[in-house]
Amino acid sequence: MNPVQRPFPAARPRRMRKDDFSRRLMRETRLSVDNLIYPVFVLEGQGVREPVSSMPGVERLSVDELLKDAEKWVELGIPALALFPVVPAEKKCLAGKESYNPEGLVPRTVKALKDRYPELGVITDVALDPYTSHGLDGVIDDDGYVLNDETVEVLVKQALSHAEAGADIVAPSDMMDGRVGEIRKALEESGHIHTRILSYSAKYASSYYGPFRDAVGSAGNLGKSNKYSFQMDPANSDEAIHEVAMDLQEGADMVMVKPGMPYLDIVRRVKDQFEVPTFVYQVSGEYAMHVAAAQNGWLDGDAVMMESLLSIRRAGADAILTYFAPRAAQLLEK
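To start, this report covers the structure provided alongside it.

## Observations concerning the side chain of Thr29
Structurally, Thr29 is set in the loop between helix H2 (20–25) and strand S1 (36–43). Apart from residues lying up to four places away in sequence, Thr29 is in contact with Leu310, Arg313 and Arg314.

Shown next as structure tokens:
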């Protein structure tokens with residue numbers, strides 16, 4: 001019977017809210033450490049820890065420091081890390097060739113993590129913006145337009161170099177057309193049949209990415225350019241469904257919606273329509289807003305953090321990439 005058909009006092013919704021035990025018994029959505037993925041920034045060097053000024057509490061780490069901190073994350077039960085490289089300026093070029101260097105920063109980091117913590121899932125970003133001198137996610141023409149097919153050729157090489165290093169999941173975040181199919185084909189042909197693809201299927205041209213671009217050092221390269229010609233228009237919803245369908249047909253194992261809280265309607269539509277593993281990236285701008293408000297005493301930091309993560313789960317997300325992962329995991333342990 002629809003609750004609307006039960007008049008007061010036959011229906012008193014507050015009865016079930018009165019005590020903690022009954023609130024727990026009727027709770028529809030659960031958040032656990034199993035739903036958390038921690039995005040981390042890695043850079044060259046030894047013993048290096050650099051704070052990201054626009055993301056208080058987040059650091060860029062050299063591989064040795066990353067390995068030290070990863071021990072705590074594994075103990076907390078965080079299932080996987082997502083790696084994002086900070087590439088030195090001298091290794092950047094117009095075509096992002098460093099992205100598929102088998103001895104590059106990401107492959108070396110993957111090998112080190114899998115050697116030390118084989119049970120920890122390692123996800124690698126497949127995109128060229130950290131490696132290009134112009135800060136865009138691909139090979140460009142003379143007018144600065146990102147060329148689709150030429151970029152996909154480089155992305156395939158990048159994905160293969162990560163798979164060869166031992167990455168469990170490659171995550172193309174570039175929004176080039178057809179790249180999932182080409183990456184899947186290359187992985188199969190090279191024997192990497194177990195390498196999963198997490199496709200950033202619905203990645204919007206959002207203004208919430210600013211702190212991330214600061215963290216990886218691509219903001220300065222990007223300058224006044226923008227990513228409107230390949231990332232999705234924030235006004236569109238149906239287009240996201242089309243993008244997700246294409247990526248699944250091409251061989252994606254998981255799909256991503258990015259950003260998180262401003263796009264929960266997209267998450268719900270994707271989960272309802274496709275019923276596939278659906279991930280959400282709670283992006284740097286979302287993190288920065290929450291932390292800034294908490295630091296100013298305007299919000300209870302832990303409370304809004306957990307509420308935001310729960311809201312993303314409620315919308316249909318199976319896993320959340322979040323910079324809050326270690327703190328959330330600590331609270332979920334209690």
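This is not the end of the story, as more comes after the structure.
## Description of the environment of Glu59
Here Glu59 lies in strand S3 (residues 59–62). Once the C-alpha coordinates of Glu59 and Pro9 are considered, the two residues, 50 residues apart in sequence, prove to be 55 Å apart. With near-sequence residues (within four places) excluded, Glu59 lies in contact with Phe41, Arg49, Glu50, Pro51 and Val52. Polar side-chain contacts of Glu59 include one of 3.0 Å to the side chain of Arg49.

## Remarks on the packing of aromatic side chains
Tallied over the entire structure, the rule returns 11 aromatic pairs. Taking 6.3 Å as the distance between ring centres and 50° as the angle between the ring planes, the aromatic pair formed by Phe41 and Phe84 counts as tilted. Of the two residues, Phe41 is situated in strand S1 and Phe84 in strand S4 (residues 80–86); the sequence distance between them amounts to 43 residues. Residue classification places Phe41 among the buried residues on the basis of a relative accessible area of 1%. Phe84 gets classed as buried once you look at its relative accessible area, which sits at 3%. Judged by centre distance (6.5 Å) and plane angle (55°), the rings of Tyr200 and Tyr281 are tilted. You can see Tyr200 sitting in strand S7 (residues 196–203) and its partner Tyr281 sitting in strand S9 (residues 278–282), a full 81 residues away along the chain.

## Let's talk about empty space enclosed by the protein
Tallying each qualifying case throughout the model produces 2 cavities of 30 Å³ or more. As a volume, the largest cavity reaches approximately 110 Å³. Lining the largest cavity are Phe84, Asp125, Asp129, Ser173, Tyr200, Lys203, Tyr209, Phe212, Arg213, Lys227, Gln231 and Lys258. At the level of secondary structure, the elements contributing two or more residues to the lining of the largest cavity comprise S7 and helix H7 (210–216). Here the lining of the largest cavity is built from residues that sort into 4 nonpolar, 2 polar and 6 charged. The space that makes up the second largest cavity amounts to roughly 70 Å³. Taken together, 13 residues line the second largest cavity, and the ones lying closest to its centre are Val87, Glu98, Gly104, Leu105 and Tyr131.

## A word on the pairing of strand S10 (residues 319–322)
Of the two faces of S10, the one holding Ala319 and Leu321 and the one holding Ile320 and Thr322 are both buried throughout. By the bridge criterion, 2 bridges tie S1 to S10 in an arrangement that is parallel. Bridge pairing in S10 links Leu36 to Ile320. Taken together, the 4 bridges between S9 and S10 define a ladder with parallel strand orientation. Considered in S10, the bridge of Val280 is made with Ile320.

## Focus on the nonpolar core
Proteins that are soluble and globular tend to have nonpolar side chains buried together. Counting 84 residues, the largest nonpolar core has Phe41, Trp73, Leu113 and Tyr281 as its most contacted members. Of the residues forming this core, the biggest block, 7 residues, is contributed by S1. Residues in contact with Phe41, not counting those within four places in the same chain, are Met55, Val58, Glu59, Arg60, Leu61, Phe84, Val86, Phe212, Ala215, Val216 and Tyr323. Membership of the second largest hydrophobic core comes to 21 residues, among which are Val152, Val156, Ala159 and Leu222.

## What about the side chain of Arg179?
Looking at the secondary structure, you find Arg179 in helix H6 (residues 179–189). By relative accessible area, which is 1% here, Arg179 ends up buried. Engagement of the side chain of Arg179 in a polar contact is seen with the side chain of Asp174, the distance being 3.1 Å. Once residues lying within four places of it in the same chain are set aside, the contact partners of Arg179 are Val152, Leu155, Pro172, Ser173, Asp174, Ser199, Tyr200, Asp247 and Glu250.

Cut-offs used in this document
Residues numbered from 1 in each chain as written. Predicted model: local features only at pLDDT ≥ 70, side-chain atom pairs only at ≥ 80, totals over all residues. Heavy atoms only, no water. Helix = DSSP H or I, 4+ residues; strand = E, 2+ residues; numbered from the N terminus. Contact = heavy atoms within 4.5 Å. Polar contact = N/O pair within 3.5 Å; in protein donor to acceptor, adjacent residues only side chain to side chain. Phe/Tyr/Trp six-rings, centres within 6.5 Å; stacked < 30°, edge-to-face > 60°. Buried < 20%, exposed > 50% of the residue type's maximum accessible area, 1.4 Å probe, protein only. 1 Å grid on protein atoms, 1.4 Å probe; cavity = no way out; pocket = protein on both sides within 12 Å on 5 of 7 lines; lining within 4 Å. Points joined across faces, edges and corners; volume = space filled by probe spheres on them. Nonpolar A, V, L, I, M, F, W, Y, C, P; charged D, E, K, R; others polar. Pairing = 2+ DSSP bridges. Core = buried A, V, L, I, M, F, W, Y, C linked by side-chain atoms within 4.5 Å.

Just geometry here; none of it tells us what the structure is for.
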